[in-house]
Amino acid sequence: MFNKKSITRFGKSFGVGLVTFALDLALLSLFIDVFHLYYVVAAGVAFVIATSLNYVISRRYVFTGSERGVRSGYLLFLLIGGVGVLIITTLMYVLVDVFAFHYLISRILIAGVVGWWNYLMNLHVNFKVAGT
């Protein structure tokens, strides 16, 4: 189950995720504080942009050995990410509007759930490289 390759792949994915999550937070802040977008919309748009960059990097350095084509892989990556957007926007609404958390704190709290979702779905469904 856990071998050197799977641990290395997870470490790379975690690193890519941290970088793209930092971009996600920066865009979220920019969209809300500068462009005055509604925070739920801003969270969704920031996530899609950061997820697209994550795909490019992950395809090249994390999920190597996938036989899935770039286009179909990207579409499936976005579909998986779309579920992530639904989770993010729903939980953002709950944490910010219902529980009055700051939008950045809310997004950070949500990151772990969505990060695991994206990693596991891409590992097992999209790139199908689990166990290799």
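Read on for an overview of the structure. (Residues numbered from 1 in each chain as written. Predicted model: local features only at pLDDT ≥ 70, side-chain atom pairs only at ≥ 80, totals over all residues. Heavy atoms only, no water.)

### Concerning the pattern of salt bridges
Using the following cut-off: Note on definitions: salt bridges are taken to be side-chain nitrogens of Lys or Arg within 4 Å of carboxyl oxygens of Asp or Glu. A run of DSSP states H or I qualifies as a helix once it reaches four residues; a run of E qualifies as a strand once it reaches two. Both are numbered from the N-terminal end. Burial classes follow relative accessibility: with a 1.4 Å probe on protein chains only, a residue under 20% of its type's maximum area counts as buried, one over 50% as exposed, and anything between as partly exposed.
Counted according to the given criterion, the structure contains one salt bridge. Arg107 serves as the salt-bridge partner of Asp24, at 3.0 Å between the closest nitrogen and oxygen. Of this pair, Asp24 sits in helix H1 (residues 4-34) while Arg107 sits in helix H4 (residues 103-126), placing them 83 residues apart in sequence. With a relative accessible area of 1%, Asp24 lands in the buried category.

### As for the nonpolar core
For clarity, the threshold we go by: The term nonpolar core refers to a set of buried residues drawn from Ala, Val, Leu, Ile, Met, Phe, Trp, Tyr and Cys, joined through side-chain atoms within 4.5 Å.
By size, the foremost hydrophobic cluster in this structure holds 18 residues, and its most contacted members are Leu28, Ile32, Tyr39, Ile88, Met92, Tyr103 and Ile110. For this core, the elements supplying multiple residues, two or more each, are H1, helix H2 (39-61), helix H3 (70-98) and H4. Here the element with the most residues in this core is H2; it accounts for six residues. Formed by nine residues, the second largest nonpolar core is a distinct cluster that contains Val62, Tyr119, Leu123 and Phe127.

### Looking at H4
What counts is decided by this rule: The quantity called bend is, for any residue, the angle between two axes fitted respectively to the seven residues ending at it and the seven beginning at it. By definition in these notes, contact holds between two residues if any of their heavy atoms fall within 4.5 Å.
Of all the bends in H4, the greatest, near 35 degrees, is centred on Ala111. The set of residues buried in H4 consists of Tyr103, Ser106, Arg107, Ile110, Ala111, Val114, Asn118, Tyr119, Asn122, Leu123 and Asn126. Summarising the contacts, the buried residues of H4 are in contact with H1, H2 and H3. Lys128 lies just past H4 and shows a positive phi near 50 degrees.

### Focus on the packing of H2 against H3
The condition that has to hold: The angle between two axes is taken between their N-to-C directions and runs from 0 to 180 degrees, where each axis is a line fitted to C-alpha atoms and a helix contributes only its stretch in contact. What makes a crossing left-handed is the near helix being turned counterclockwise from the far one by less than a right angle; a clockwise turn instead makes it right-handed.
Their axes nearest at 9 Å, the elements H2 and H3 cross at an angle of 150 degrees. Pair H2 / H3 crosses with right-handed handedness.

### Concerning unusual backbone geometry
A positive phi angle, near 55 degrees, is found at His36, a position not held by glycine. Structurally, the position occupied by His36 is in the loop between H1 and H2. Of the residues examined, His36 reaches a relative accessible area of 63% and is grouped as exposed. Non-glycine residue Ala100 carries a positive phi angle of around 60 degrees. Along the chain, the position of Ala100 falls in the loop between H3 and H4.

### Considerations on the packing of H1 against H2
Here is the rule: Here the word oblique covers every angle except those under 35 degrees (roughly parallel), over 145 (roughly antiparallel) and from 65 to 115 (roughly perpendicular). Polarity classes work like this: nonpolar for Ala, Val, Leu, Ile, Met, Phe, Trp, Tyr, Cys and Pro, charged for Asp, Glu, Lys and Arg, and polar for all others, with Gly in that last group.
At a minimum axis separation of 8 Å, H1 and H2 run at an interaxial angle of 150 degrees. Relative to H2, the element H1 is oriented roughly antiparallel. Every pair of crossing elements has a handedness; the one defined by H1 and H2 is right-handed. Among the residues making up the contact of H1 with H2, the classes are represented as 17 nonpolar, four polar and two charged.

### Quick word on the packing of aromatic side chains
This is how the line gets drawn: Side-chain rings of Phe, Tyr and Trp (the six-membered ring for Trp) are treated as a pair once their centres are within 6.5 Å; stacked means planes under 30 degrees apart, edge-to-face means over 60, and tilted covers the remaining angles.
Scanning the entire structure with this criterion turns up 12 aromatic pairs. Centroid distance Phe10 to Tyr119: 5.3 Å. Interplanar angle 85 degrees. Geometry classified as edge-to-face. Separated by 109 residues along the polypeptide, Phe10 in helix H1 and Tyr119 in helix H4 bring together distant segments of the chain. A relative accessible area of 32% places Phe10 in the partly exposed class. Under the relative-accessibility criterion, Tyr119 is labelled buried at 9%. Ring geometry for Phe63 versus Tyr119: centroids 6.0 Å apart, planes at 35 degrees, classification tilted. Within this pair, whereas Phe63 is found in the loop between H2 and H3, its partner Tyr119 is found in helix H4, the two being separated by 56 residues in sequence. The pair formed by Phe63 and Tyr119 is uniform in burial state, with each residue classed as buried. Put simply, the rings of Phe10, Phe14, Tyr55, Phe63, Tyr74, Phe77, Trp116, Tyr119 and Phe127 touch in pairs and so form one group of aromatic residues.

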